[in-house]
Amino acid sequence: MTWNYIIIAISLFLLLVLFWKEISRPNKAHLFWRLLCSFLAIASLACLALPLTYQKTIQGQTKQPVLLTEGFVPDSLSPIKNAIFLTSDTNLAHWGSLKPEYIPNLAYYLQTNPDIKQLHIAGYGLNEAELQNLPPISLIFHPAKFPSGIRSIHWTKKIKSGNRLAVQGNFQNSSSQPIKLVLMGLNTALDSTIIPAGKTSAFELNATPKHLGKAVYSLLTVSGKDTLSTEPLPLETIPGKPLKVLILSSAPDFENNFLKNWLFENHYSLAIRSAISTNKYSQEFLNTDKISLDKITGPLLEKFDLVIGDLLAFNSLSPAESQALQNQVNQGLGLLLRFDPDAGKTGFFGSAFATYSPTTPAQKTVSVLVPGQKESLLPTEQVFYIHPQSGNQPLIKTKEGQILVNSKISGYGKIALSTLNNTFTWMLEGNQADYNSFWTTVLEKTARKNPEAEIWEIANPFPTANQQIPILLETSFTSIPNVMADSTMLAIKQNADLPFQWSGNYWPRKSGWHTLQQEGGTPFNWYVYEASDWKSLKVSSKMAATSQFSRQNPAKDHLTIPPLTESVPVPAIWFYLLFLASCAYLWFETKML
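Because the structure is predicted, anything quoted here is derived from the model rather than measured.

Scoring rules and cut-offs
- Residues numbered from 1 in each chain as written.
- Predicted model: local features only at pLDDT ≥ 70, side-chain atom pairs only at ≥ 80, totals over all residues.
- Heavy atoms only, no water.
- Salt bridge = Lys/Arg side-chain N within 4 Å of Asp/Glu carboxyl O.
- Helix = DSSP H or I, 4+ residues; strand = E, 2+ residues; numbered from the N terminus.
- Buried < 20%, exposed > 50% of the residue type's maximum accessible area, 1.4 Å probe, protein only.
- Axes fitted to C-alpha atoms, helices over the stretch in contact; angles between N-to-C directions.
- Parallel < 35°, antiparallel > 145°, perpendicular 65-115°, else oblique.
- Contact = heavy atoms within 4.5 Å.
- Nonpolar A, V, L, I, M, F, W, Y, C, P; charged D, E, K, R; others polar.
- Pairing = 2+ DSSP bridges.
- Core = buried A, V, L, I, M, F, W, Y, C linked by side-chain atoms within 4.5 Å.

A.B. asks: Explain the pattern of salt bridges to me, please; I cannot follow it from the model alone.
C.D. replies: When the charged atoms of two side chains lie near each other, side chains of opposite charge can form a pair. Taken as a whole and judged by the stated rule, the model has 6 salt bridges. Across the salt bridge formed by K260 and E284, the nearest N and O atoms sit 3.4 Å from each other. One end of the pair, K260, is in helix α5 (residues 254-265); the other, E284, is in strand β17 (residues 280-286), with 24 residues separating them in the sequence. Relative accessible area serves as the criterion here: at 32%, E284 is assigned to the partly exposed category. For the salt bridge of E321 with R273, the shortest nitrogen-to-oxygen distance reads 3.9 Å.

A.B. asks: Would you explain the packing of α5 against helix α10 (residues 432-446) in this entry?
C.D. replies: If you want to describe how two helices pack, look at the angle between their axes and the distance between the axes. Across the interface, α5 lies against α10 with an axial gap of 12 Å and an inter-helix angle of 85°. Judged by the angle between their axes, α5 and α10 are roughly perpendicular. Contacts from E255, F258, L259, W262 and L263 of α5 reach α10 at Y435, N436, W439, T440 and L443. A breakdown of the residues in the contact of α5 with α10 according to their chemical character gives 7 nonpolar, 2 polar and 1 charged.

A.B. asks: Before we go on, may I ask you to explain the pairing of strand β26 (residues 413-418) in this structure?
C.D. replies: A regular strand places its side chains on the two faces of the sheet in alternate fashion. The buried count for β26 comes to 6 of 6 residues, which makes it a mostly enclosed element. Burial along β26 is two-sided: G413, I415 and L417 facing one way and K414, A416 and S418 facing the other are all buried. Inspection of the sheet shows strand β19 (residues 334-338) paired to β26 by 5 bridges, in the parallel sense. Its bridge partner being in β26, L337 is matched across the sheet by L417. Bridging between strand β25 (residues 403-410) and β26 involves 6 bridges; their strand directions are antiparallel. Among the inter-strand pairings, S410 is bridged to a residue of β26, identified as G413. Remark: 2 residues form the turn of the hairpin made by β25 and β26, two consecutive strands paired antiparallel; G411 in that turn has positive phi of roughly 65°.

A.B. asks: What is the right way to look at the pairing of strand β32 (residues 501-506) in this model?
C.D. replies: Examined bridge by bridge, strand β28 (residues 469-475) and β32 share 6 bridges and lie antiparallel to one another. Along β32, the bridge assignment pairs I471 with G504. Direction of pairing for strand β31 (residues 492-494) relative to β32: antiparallel, over a ladder of 3 bridges. Residue pairing for β32: K493 is matched across the bridge by S503. Hairpin connection between β31 and β32: a loop of 6 residues separates the two successive antiparallel strands.

A.B. asks: I'm lost on the nonpolar core in this one. Help?
C.D. replies: Here is a general trend for soluble globular proteins: nonpolar side chains tend to be buried in one another's company. Ranked by internal contacts, the top residues of the largest apolar core, which has 31 residues, are L263, V368, I396, F438 and L443. Mapped by element, the contributors of at least two residues to this core are β15 (244-249), α5, β16 (269-277), β18 (306-310), β21 (366-368), β24 (392-397), β25 and α10. With 5 residues, α10 is the largest single contributor of residues to this core. The contacts of I396, once residues within four sequence positions are left out, are V368, L369, V370, P371, Q402, I403, L404, V405, F438, T441 and V442. Ranked by size, the runner-up nonpolar core spans 28 residues in total, among them A271, F353, I386 and L417.

Written out as structure tokens, the structure reads:
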């Protein structure tokens, strides 16, 4: 705009100079025509420097607003007639020949232009927050081709010490070379897998963290000798709270002996009652004080989180003991049954599960799939499996999908049945990792669940610095919680329908680890990412969200939109010809005189 004013000022100055020279000339012949031609010459010269435009209404044609986002393909836009290109990306503003108009806020632009009822989006699209802010509008999505990279990812960000970390996801390899994914932890390669060229494959990487506290692992994408990307995997390893376990055994066996030693080495509180003869028992206590186990009563069972035993041991309980056990399970106690085909179906747990033996010969090894772990082979003949039933939750299956350990809710507690009675063969072969994974999973899934005093949730799974992050707190505290986000007091509000739930927003200023804590509560650690982290994952999320929004708000066949009005530049040739004609007259007029 300043340049326009300068051109106008210079033109006026030149015009005044020419007028003064014409008026002060002694020969006054043809003065009017000379003044007119001087004016036209200067005016046409100014119009060449300041291109003039006029508004033109295109009758019978309608607007086709097209929002350009990252990754758009220009060739995909050719079918769109009368397109008006827009963008909210500063990197695309005035891009190439399309020259899109830059709009800082799409939602505000659409609200101030209510005549726009239909919008094209080209490229990777918009994220969920941006789509939710849009006014009611029909959307046509022209998606770009998804680049090579991770399309989905999941890992447990807080795990107990000794548990295995499982990183699972989906990777699209659009290149002609295989891609190697490497899980790095503390500068050490922990696991890796190969994604074939031109394939989209699920992947799983595993490791067992040896540290306590916060750490940032990495997921590397490698092609040949080149590292294509390095993505952060923050996690926190916390000490596991030892469970209090009671084992009831009808007779000594290897399975109980190895399990006893493993529970002791992993600091579980353990009490064991083994039958010697009728109403006579041997008792053993590890990592706990001695108590009487002669009679199984409610007050005794309240001291434990989990009871493990074979079916014969449970069948030998008196009616009073069996009733006490059932009452405690209904109040939250976990019960793990070891299957015995000779025990029969008695007790309150007898009809909880249905077992079967396949007609095919038993295999000498059985494949065991622990959720989140790789397949493990157990060298034992497995002749019994558990039928799937409504209301049951399988905990451990074979590779073929046969259920080895099943569970069922009973009141506030849980009952589980295991048909694996020879897991100690893992230990005999030196395969302690699979033994750890199996028993850690089964015990944690079955044991009594202690209610947490507070639960934190970060609404955005990949929070980024300098963005608003919604935070949710569920607490059993009755007073209004004072929440600190790092060193800042957080303003929170209570959910009107769920009084134990509180929410607020926080703007982290930098990436890395951050802390949330309510007064009197336990610190909650969470991680903020760089804007450049997980680009392919963000692209996948945008494309999925935009596609879904497009399906929910499809284009309408008979959409009435006001006529298109556009700015049309006046052809510069007319000003050039006028300038030449004016100058030619002034030159000839001088020669004629």
